[in-house]
Amino acid sequence: MATEETAGPDLANDDIGEEARLALWRSQLEIRHVEQRAHDLFLQNLVKGTVHLSLGQEAVAAGFAVAMEDGDYTFCTYRGHAHTLARGAPMSGVLGELMGRECGLLAGKGGSMHLTSVEHGAMGSYAIIGAHLPIAMGAAWSAQYRGTSQVSVCFFGDGTTNIGAFHEALNMAKVWSLPVIFVCENNLYMEYTPIGDVTAVEHPAADRAPAYGMESIIVDGNDADAVYRVARTAYDRARSGGGPSLIEAKTYRQCGHSRADPGAYRPDEEVEEWLARDPVPAYRRRLLDFGFAESAVEGIEAEVLAAVDAATETARASPPPPPDILETEVYADGGAAWRN
Amino acid sequence: MAQLTCREAVAAAIAQEMRRDPSVVFLGEDIGAAGGVFKTTVGLFEEFGPDRVRDTPISEQAIIGAAMGAAMTGLRPIAELMFSDFFAVCWDLVANEIAKSRYMTNGQVSFPLVIRSANGGGARFGAQHSQAIENWAMMIPGLKVVAPSNPADIVGLLAASIRDPDPVVFFEQKSLYGTRGEVPDGEHVDALGTAKVLREGGDAAIVALAAMVPRAVAAAERLAAEGISCTVIDVRSLVPLDTRTILSAVSETGRLFTVEENPRLCGWGAEIASIAGEECFYDLDGPIVRITTPHIPLPSADNLEDLALPSVERIADTVRASMG
């Protein structure tokens, strides 16, 4: 057990602060433990289809989400559990959706690759590479036109930087000076292929930024504090009318591309090197270094684990979606009628 | 009643809706200061300014993606795709993203947007700027699909499309842009999902869309002079589809002919023929006949393109031959 005599956090000169640090810790833990649970449930055949986990990439989602404001928009990919959870979507809704249950965020109509929770600002998980960059740009256009201070944040992988929609969105976002932040999570692999083998430049996002009049920004994506700082700067730029940013976060996918992929193509030493840089234990050490009480740090983890257990039970107890929703919500009248 | 061309009707409808609703915005290539490559948007930039009438780069994915993102966050965008053939370069946004996202999210997001585009042949542009692609759009669950044939319907149906809570693909047949017709004065809003009976006759029902409508009417006039009296229906809206009006004409006349500009396979008329076959079989006095463009890319030379598209003569000849 941790002792209580530890000196209080030495946060006098800290630019992040106690509240944000604990939020970053909690968010990373929530993602880590829900993802591990999703993996376990998949092995039990309770999660069907496929899952694309963000194990090892939690700091990117946490850093950006904690620095966000409530009205901001998140757009992410099929590897989107992390970003959806980071905006506060309920764990039971996430796990329930993966399990095809009525309590799922999408009532079982979308599945793992399409998690959405509009009420939390999670505007969708898009599973065709590149599509959501123009969509996120459009949401930013809307915010600009409506005169709000909302920012649209778009997360995508390194593989996305080689598809046309990436380039179309960056160009138009810059020309229109839109409040949008494009975040490339460079986890070194485009599905099964090393990104460097198929990309003309060393840094797939950052090296493209100057072509669209943007600064090249690279951040350690395994360091939640570094991500939080770079996010804060980009939000300030967007809210003050300074236009879009493109940020490349270097990180590592600790597992394969999807459940079908054991990731055997990755060299052992590379995996070991990145596991040593696992963002979750690293952040735990960071908090202790800052003087947070071990009991507080572990207490949050215990709370998160209990919440994941409860969410799992809620999802397991939830029935399958009712058959009568099969032909609903194709059109805005709630139905699917295409003729009279 | 004002006399407008189809191209003027497009601008009139957009202006009508932009005046009443500040959430309506418009984007596309050359639509602003240039007034559109088909001059369908003349005057909009001057009246509504660059914030609401936005010129874009040649980036169809960005155009349609921007419309989608704006529609899901409170705006009512109108996006122009200069030629409907260009749907092919942004089909992911149309077919995978816009069309599916309401369903996939169980109704969390709405897409009140319009994608309008110059569709179809007759302008000698060749195969990549001429295809009638209304059947591509019709087969995607989640989209609504409209293709008017005259200026009054362009104003009324485009206004209805802009006000509609669902994504609407709005096809303007480019060879009709110069066609003039009466448009009601004042605010004009029509209803999607309503076909229009243009002419009534007892012997056969001819069902047509967009540029095929005036040809079907002309063919019916010829046939009437020969003693074959035809009902002509302008389908106007493929989704929602007014099967009630169509099937009622099939039952009354006992014969159904579709006139389609799209290439043969999986044209919209095939769906209507299938519905009529299932639901009006015992009212039919003869086979259902589809009159379409052959299953070919469109050629550019005058005579070849004219041969490809259903002509007044081909329509009349086909109906006459089939009626025996």
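Residues numbered from 1 in each chain as written. Chains lettered and ligands numbered in written order. Predicted model: local features only at pLDDT ≥ 70, side-chain atom pairs only at ≥ 80, totals over all residues. Heavy atoms only, no water.

**Considering the overall build of chain B**
Here is step 1: Of the regular secondary structure elements, chain B holds 11 helices and 14 strands.
Here is step 2: Its C-alpha radius of gyration of 19 Å places chain B within 12% of the 20 Å reference for a compact globule of 324 residues.
Here is step 3: For chain B, the spread of C-alpha atoms along the three principal axes comes to 60 × 40 × 40 Å.
Here is step 4: Out of the 324 residues belonging to chain B, those deemed buried represent 62%.
Here is step 5: The long-range share in chain B, meaning contacts at least 24 apart out of those at least 6 apart in sequence, stands at 81%.
Here is step 6: Element-wise, carbon and sulfur atoms account for 53% of the exposed surface of chain B, whose accessible area totals about 11100 Å².
Here is step 7: If the 26 positive side-chain charges of chain B are averaged to one point and the 42 negative ones to another, these points end up 1 Å apart. (Helix = DSSP H or I, 4+ residues; strand = E, 2+ residues; numbered from the N terminus. Rg over C-alpha atoms; globule rule 2.2 N^0.38 Å. Buried < 20%, exposed > 50% of the residue type's maximum accessible area, 1.4 Å probe, protein only. Contact = heavy atoms within 4.5 Å. Areas by Shrake-Rupley, 256 points an atom, 1.4 Å probe, with all protein chains shown as cover. Lys, Arg positive; Asp, Glu negative; His and termini not counted. Charge placed at Lys NZ, Arg CZ, Asp CG, Glu CD.)

**What about the sheet that holds strand β14 (residues 289-293) of chain B?**
The pairing of strands in a sheet comes from backbone hydrogen bonds and takes either a parallel or an antiparallel form.
Residues and elements named next belong to chain B.
Here is step 1: Ordered by their spatial adjacency, five strands build an open sheet running β9-β11-β10-β13-β14, and the pairing between neighbours is mixed. Either end of the sheet is taken by a strand with one partner, and the two such strands are β9 (196-199) and β14. Ignoring strand direction, the axes of neighbouring strands in this sheet form an average angle of 25°.
Here is step 2: In this structure, strand β10 (residues 204-208) lies alongside strand β11 (residues 230-234), joined through five bridges in parallel fashion. Within the sheet, the bridge partner assigned to Ala-208 lies in β11 and is Asp-234.
Here is step 3: Across the sheet, helix α7 (residues 212-225) is in contact with β9, β10, β11 and β13 (256-263); its angle to β11 comes to roughly 170°. (Pairing = 2+ DSSP bridges. Axes fitted to C-alpha atoms, helices over the stretch in contact; angles between N-to-C directions.)

**Observations regarding the sheet that holds strand β3 (residues 152-157) of chain A**
Residue and element names in this part refer to chain A.
Here is step 1: Spatial ordering of the open sheet is given by β2-β1-β3-β4-β8-β7, a layout of six strands whose pairing is parallel. In this open sheet, the two strands that pair with only one neighbour each are β2 (122-126) and β7 (217-220). Strand-to-strand, the axes of this sheet are offset by a mean angle of 20°, without reference to chain direction.
Here is step 2: In this structure, strand β1 (residues 73-77) lies alongside β3, joined through three bridges in parallel fashion.

**Structural notes on the interface of chain A and chain B**
Here is step 1: Taken residue by residue, the interface counts 41 residues in chain A and 53 residues in chain B.
Here is step 2: By the criterion of area lost to chain B, the three top residues of chain A are Trp-141, Tyr-145 and Asn-340 of chain A, representing 18% of everything that side buries.
Here is step 3: Taken together, the connections running from chain A to chain B amount to two salt bridges.
Here is step 4: The salt bridge partner of Glu-279 of chain B is Arg-339 of chain A, with a shortest N-O separation of 2.7 Å.
Here is step 5: Listing elements by their share of the side of chain A that touches chain B, those giving two or more residues are β1, β2, α5 (132-146) and α6 (164-175) of chain A.
Here is step 6: Looking at the side of chain A that touches chain B, the element that brings in the most residues is α5 of chain A, giving 10 residues.
Here is step 7: In terms of residue class, the side of chain A that touches chain B is made up of 25 nonpolar, 11 polar and five charged. (Buried area = accessible area lost by both parts, 1.4 Å probe. Salt bridge = Lys/Arg side-chain N within 4 Å of Asp/Glu carboxyl O. Nonpolar A, V, L, I, M, F, W, Y, C, P; charged D, E, K, R; others polar.)

**Some details on the side chain of Gln-57 of chain A**
Residues and elements named next belong to chain A.
Here is step 1: Within the secondary structure layout, Gln-57 lies in the loop between α1 (18-43) and α2 (58-67).
Here is step 2: Of the residues examined, Gln-57 reaches a relative accessible area of 2% and is grouped as buried.
Here is step 3: In this structure the side chain of Gln-57 is engaged in a polar contact, spanning 3.1 Å, whose partner is the side chain of Glu-185.
Here is step 4: Filtering out sequence-adjacent residues up to four positions away, Gln-57 remains in contact with Arg-79, Glu-185, Asn-187, Thr-251, Tyr-252 and Arg-253. (Polar contact = N/O pair within 3.5 Å; in protein donor to acceptor, adjacent residues only side chain to side chain.)

**Considering the nonpolar core**
Here is step 1: Counting 86 residues, the largest nonpolar core has Phe-75, Phe-182 and Leu-246 of chain A together with Leu-27, Ile-64 and Met-72 of chain B as its most contacted members.
Here is step 2: In terms of residue count, the dominant contributor to this core is helix α3 (residues 60-71) of chain B (eight residues).
Here is step 3: The residue makeup of this core includes at least three contributed by each of domain 1 (2-183) and domain 2 (196-323) of chain B.
Here is step 4: Discounting residues that sit within four places of it in the chain, Leu-246 of chain A has contacts with Phe-156, Phe-166, Leu-170, Phe-182, Ala-205, Ala-209, Met-214, Glu-215 and Ile-217 of chain A.
Here is step 5: Formed by 65 residues, the second largest nonpolar core is a distinct cluster that contains Val-34, Ala-238, Val-280 and Tyr-283 of chain A. (Core = buried A, V, L, I, M, F, W, Y, C linked by side-chain atoms within 4.5 Å. Domains from an automatic or database assignment.)

**What to know about the pairing of β13 of chain B**
Residues and elements named next belong to chain B.
Here is step 1: Summarising burial for β13: eight of the eight residues are buried, a large majority.
Here is step 2: Looking at chain direction, β10 and β13 are connected through four bridges and run parallel. By the bridge assignment for β13, Ala-205 is matched with Leu-256.
Here is step 3: When β13 meets β14, the two strands line up parallel, connected through five bridges. Residue pairing across strands places Pro-263 opposite Thr-293, the latter belonging to β14.

**What about the packing of α1 of chain A against helix α7 (residues 224-239) of chain A?**
All names here are of chain A.
Here is step 1: The geometry of α1 relative to α7 is characterised by a closest axis approach of 11 Å and an angle of 115° between their N-to-C directions. Seen from above, α1 lies across α7 with right-handed handedness. Contacts between α1 and α7 involve Ala-20, Arg-21, Leu-24 and Gln-28 from the former and Ala-224, Asp-225, Tyr-228 and Arg-229 from the latter.
Here is step 2: Its residues assigned to classes, the contact of α1 with α7 comprises four nonpolar, one polar and three charged. (Left-handed = near helix turned anticlockwise from the far one by under 90°.)

**Looking at the pairing of β11 of chain B**
All names here are of chain B.
Here is step 1: Across the five residues that make up β11, a large majority, five, are buried.
Here is step 2: Residues Cys-230, Val-232 and Asp-234 of β11 are buried on one face, and the alternating residues Thr-231 and Ile-233, pointing to the opposite face, are buried as well.
Here is step 3: As judged from the three bridges shared by β9 and β11, these two strands associate in the antiparallel manner. Bridge assignment links Val-197 to a residue of β11, and that residue is Ile-233.

**Topic: the environment of Glu-47 of chain B**
Residues and elements named next belong to chain B.
Here is step 1: For Glu-47, the position within the fold is in helix α2 (residues 44-48).
Here is step 2: According to the relative accessible area criterion, Glu-47 is partly exposed, its value standing at 42%.
Here is step 3: Once the C-alpha coordinates of Glu-47 and Met-18 are considered, the two residues, 29 residues apart in sequence, prove to be 9.7 Å apart.
Here is step 4: Setting aside residues up to four positions removed in sequence, Glu-47 forms contacts with Ala-15 and Arg-19.

**With respect to α1 of chain A**
Here is step 1: With 26 residues, α1 of chain A should cover 38 Å at 1.5 Å per step; its first-to-last C-alpha distance of 38 Å lies within 8% of that length.
Here is step 2: Once α1 of chain A ends, the next one or two residues include Asn-45 of chain A, with phi positive near 65°. (Expected span 1.5 Å × (residues − 1).)

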